[in-house]
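Structural overview
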Amino acid sequence: MELTTRMSDSAAMAAAMQRMWTQFRPQVDERVEVLEAASVALAAGTLTEEHCQAAAIAAHTLAGTLGTFGLNEGTVLARTAEPVFSDGLPIDADQSAKVAEIAAALRAMIANKV
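The present account deals with the structure reproduced in this document. (Residues numbered from 1 in each chain as written. Predicted model: local features only at pLDDT ≥ 70, side-chain atom pairs only at ≥ 80, totals over all residues. Heavy atoms only, no water.)

1. Here's the deal with helix H3 (residues 72-86)
To keep things clear, this is the line we draw: Secondary structure is summarised from DSSP: a helix means a run of H or I of at least four residues, a strand means a run of E of at least two, and numbering begins at the N terminus for each. By this rule the span expected of a helix is its residue count minus one, scaled by 1.5 Å. Burial status follows relative accessibility: with a 1.4 Å probe on protein chains alone, a residue under 20% of its type maximum counts as buried, one over 50% as exposed, and anything between as partly exposed.
Compared with an ideal rise of 1.5 Å per residue, which puts 15 residues at 21 Å, H3 spans 21 Å between its outermost C-alpha atoms and is within 8% of the ideal. Three or more residues of H3 are buried, namely Gly 74, Thr 75, Leu 77, Ala 78, Ala 81, Val 84 and Phe 85. Note on H3: the residue one or two positions beyond its end, Gly 88, has a positive phi of about 75°.

The following block contains the structure:
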């Protein structure tokens, strides 16, 4: 009986997490878009302090959110992107490729999350 209860509790928890993922997915996508836009602006030489702040916040938030939903590799990637922007300008333009790769990896990971 106890095993059945634990299994149904696990199923209920999984269903609840899936509902939460569905609810928060648009915000997660928006945060990845912020990182993508910041990497494009960095490559173009048009990155502003506001872009930096928004990207640092987006990366920080993604790190926590993705881990909550079991995307631990996403947490690592977001934590890698965060310090690129958190120190503000100037940022080495070579970092744009790194951030673009991170954003693309995050985008793919999120798209594959069921």
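2. A few points about the side chain of Ser 96
Condition: Any two residues whose heavy atoms approach within 4.5 Å are treated as being in contact.
Along the chain, Ser 96 falls in helix H4 (residues 95-112). The contacts of Ser 96, once residues within four sequence positions are left out, are Ser 39, Leu 42 and Ala 43.

3. Concerning the pattern of salt bridges
Oppositely charged side chains may form a pair once their charged atoms are brought near each other. The line we're drawing: Here, a salt bridge means any side-chain nitrogen of Lys or Arg that lies within 4 Å of a carboxyl oxygen of Asp or Glu.
Under the counting rule described, the total for this entry stands at three salt bridges. The salt bridge involving Asp 29 is made with Arg 25; its shortest N-O contact spans 3.2 Å. In this pair, Asp 29 and Arg 25 are both assigned in helix H1 (residues 2-44), four residues apart and thus about one turn of the helix distant. The partly exposed category is assigned to Arg 25, whose relative accessible area is 25%. Linking Arg 107 and Glu 36 is a salt bridge whose minimum nitrogen-to-oxygen distance equals 3.0 Å. Taken together, the residues span a long stretch of sequence, with Arg 107 in helix H4 and Glu 36 in helix H1 at a distance of 71 residues. Glu 36 gets classed as partly exposed once you look at its relative accessible area, which sits at 27%.

4. Thoughts on the nonpolar core
As a reminder of what qualifies: The definition of a nonpolar core used throughout is a set of buried Ala, Val, Leu, Ile, Met, Phe, Trp, Tyr and Cys residues joined through side-chain atoms within 4.5 Å.
Ranked by internal contacts, the top residues of the largest apolar core, which has 29 residues, are Leu 35, Leu 47, Leu 62, Leu 66, Phe 85 and Leu 106. With near-sequence residues (within four places) excluded, Leu 62 lies in contact with Val 28, Arg 31, Val 32, Leu 35, Ala 78 and Leu 106.

5. Considering the environment of Ile 110
Assignment of secondary structure puts Ile 110 in helix H4. Look at Ile 110 and you get buried, because its relative accessible area is 1%. When the C-alpha positions of Ile 110 and Leu 71 are compared, they lie 8.3 Å apart, and in sequence the two are 39 residues distant. With residues near it in sequence (within four places) discarded, Ile 110 still touches Trp 21, Arg 25, Val 28, Asp 29, Val 32 and Leu 66.

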